[in-house]
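Listed below are the residues making up each chain.
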Amino acid sequence: MFEAILIEKDDAGYRASRRALDEAQLPEGDVTVKVAYSTLNYKDALAITGKGPVVRRFPMVPGIDLAGTVESSSHPDFKAGDAVLLNGWGVGEAHWGALAQKARLKGDWLIPLPAGFTPRQAMEIGTAGYTAMLCVIALEKHGVTPDRGEVLVTGAAGGVGSVAVALLAKLGYEVVAVSGRPEEAEYLTGLGAKAVLPRAEFASPGKPLGRERWAGAVDVAGSHVLANVCAGMKYGGTVAACGLAAGADLPATVMPFILRGVTLAGIDSVMRPKADRVEAWGRLARDLDLAKLGAIASEIGLGEVIATAGRIMEGRLRGRVVVDVN
Ligand code: NDP
């Protein structure tokens with residue numbers, strides 16, 4: 001038997017609970033992993049609370065991230081005792097996930113635990129941090145270098161935002177953070193932001209084009225926030241868009257794109273090819289100040305997962321949440 005969070009949906013409604021499950025219930029897969037740590041991302045919170053259509057099959061064990069040790073494997077790349085990492089691939093959405101002491105997965109979804117990280121540190125970063133790295137790499141690939149000017153990060157006190165601020169600051173960018181929580185300003189300047197702007201400046205419908213301010217941007221919000229970010233980009237700037245914390249809509253015009261040559265770079269972490277994942281984790285090992293992770297991450301146990309998911313949906317959590325499943 002092992003402990004897990006289980007989401008069910010039936011005549012009695014949509015609910016999540018902590019349960020003891022039998023190993024025989026695990027889905028098919030060629031690698032069984034003893035999970036050391038998982039995390040709580042925004043997507044996990046959507047799944048657990050049922051506030052977004054994340055879960056595609058019931059019952060479902062949520063959890064899109066894990067770090068752990070291979071218990072048994074028939075996959076050629078992994079053997080018992082290997083330290084492994086998983087982010088995404090529909091795990092916790094369509095395949096039983098990582099908020100559990102055990103998971104059975106496809107070996108093709110796993111990568112070796114990146115050098116330089118303990119399992120806990122890898123989960124302090126988690127999908128949110130790896131996505132922040134993908135956003136930064138996208139800005140670099142589009143020529144956004146530190147000398148081009150200020151770079152904006154929205155939802156800055158959240159998981160993706162916190163890691164993006166820390167990464168960009170370490171890489172020498174002038175980072176301006178956007179947050180709906182003025183009380184987190186000191187936290188954000190501690191991560192390296194040189195200024196913090198209120199979310200309200202971006203949250204309402206704005207002009208198609210505004211003053212040219214930002215050389216690059218990482219946006220986790222979507223909706224009016226993303227539209228206003230695009231409208232404030234400098235000529236030739238790039239916005240890496242990865243999230244929908246404000247909404248999935250994009251009430252924008254084409255003006256920033258056709259008059260200023262702005263690039264909107266879409267970022268998906270879930271189905272990202274293995275080579276990109278290995279590159280991103282290698283870059284995290286090099287470019288993230290691990291000392292900052294202490295301020296970014298907090299730890300909970302499996303028993304606190306359901307209540308904490310509710311707090312994430314209320315936007316009351318700061319940074320990243322690591323789950324010690326044991
Ligand atoms: P968090 O919940 O940790 O952070 C989200 C942050 O967004 C909040 O902390 C808050 O920051 C801000 N926010 C909340 N509500 C609103 C709002 N109504 N308008 C504007 N900003 C808001 O989530 P994550 O960092 O884990 O994820 C952020 C987004 O990125 C989510 O939408 C998630 O689904 C998406 N994502 C996408 C991935 C991909 O592969 N494309 C991978 C990972 C995440 P503050 O209080 O500072 O304003």
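Residues numbered from 1 in each chain as written. Predicted model: local features only at pLDDT ≥ 70, side-chain atom pairs only at ≥ 80, totals over all residues.

S.K.: Mind showing me how you'd approach the nonpolar core here?
M.R.: If you look at the biggest cluster of nonpolar residues, it comprises 112 residues, and the most contacted ones within it are Cys135, Ala164 and Val165. Looking at this core, the element that brings in the most residues is helix α2 (residues 119–141), giving twelve residues. Composition of this core by domain shows at least three residues from each of domain 1 (2–113 + 293–324) and domain 2 (127–266). (Core = buried A, V, L, I, M, F, W, Y, C linked by C-beta atoms within 7 Å. Buried ≥ 20, exposed ≤ 12 C-beta atoms within 10 Å, placed from the backbone. Helix = DSSP H or I, 4+ residues; strand = E, 2+ residues; numbered from the N terminus. Domains from an automatic or database assignment.)

S.K.: What should I look at first to understand the UniProt feature "domain: Enoyl reductase (ER)" (unreviewed entry) in the protein in this one?
M.R.: Taking the numbering used here, the UniProt-annotated feature "domain: Enoyl reductase (ER)" (unreviewed entry) corresponds to residues 9–323. The distance from the first to the last C-alpha atom of residues 9–323 is 24 Å, and the span holds 31% helix and 26% strand. (UniProt positions renumbered as here; feature names shortened; annotations may be inferred.)

S.K.: So what exactly am I meant to see when it comes to helix α10 (residues 305–313) here?
M.R.: Given 3.6 residues per turn, any residue in an α-helix points the same way as the ones three and four places further on. Within α10, the full set of buried residues consists of Val305, Ala309 and Ile312. Buried positions in α10, seen along its axis, are confined to an arc of 60 degrees and lie on one side of it. Considering only its buried residues, α10 is in contact with β1 (2–10), β3 (31–40), α1 (42–49), β14 (297–301) and β15 (320–324). (Arc of directions from axis to C-beta. Contact = placed C-beta atoms within 7 Å.)

S.K.: Teacher, can you tell me more about the pairing of β3 here?
M.R.: Put simply, side chains in a regular strand alternate between the two faces of the sheet. In terms of residue burial, β3 counts as a mostly covered element, since eight of its ten residues are buried. Here β3 runs beside strand β4 (residues 65–73); their pairing, made up of seven bridges, is antiparallel. Bridge assignment links Tyr37 to a residue of β4, and that residue is Ala67. Pairing between β3 and strand β6 (residues 102–105): four bridges, direction antiparallel. By the bridge assignment for β6, Val31 is matched with Leu105. As defined by bridge partners, β3 adjoins β15 across four bridges and the pair is classed as antiparallel. Opposite Thr39, over in β15, you have Val322 as the bridge partner. (Pairing = 2+ DSSP bridges.)

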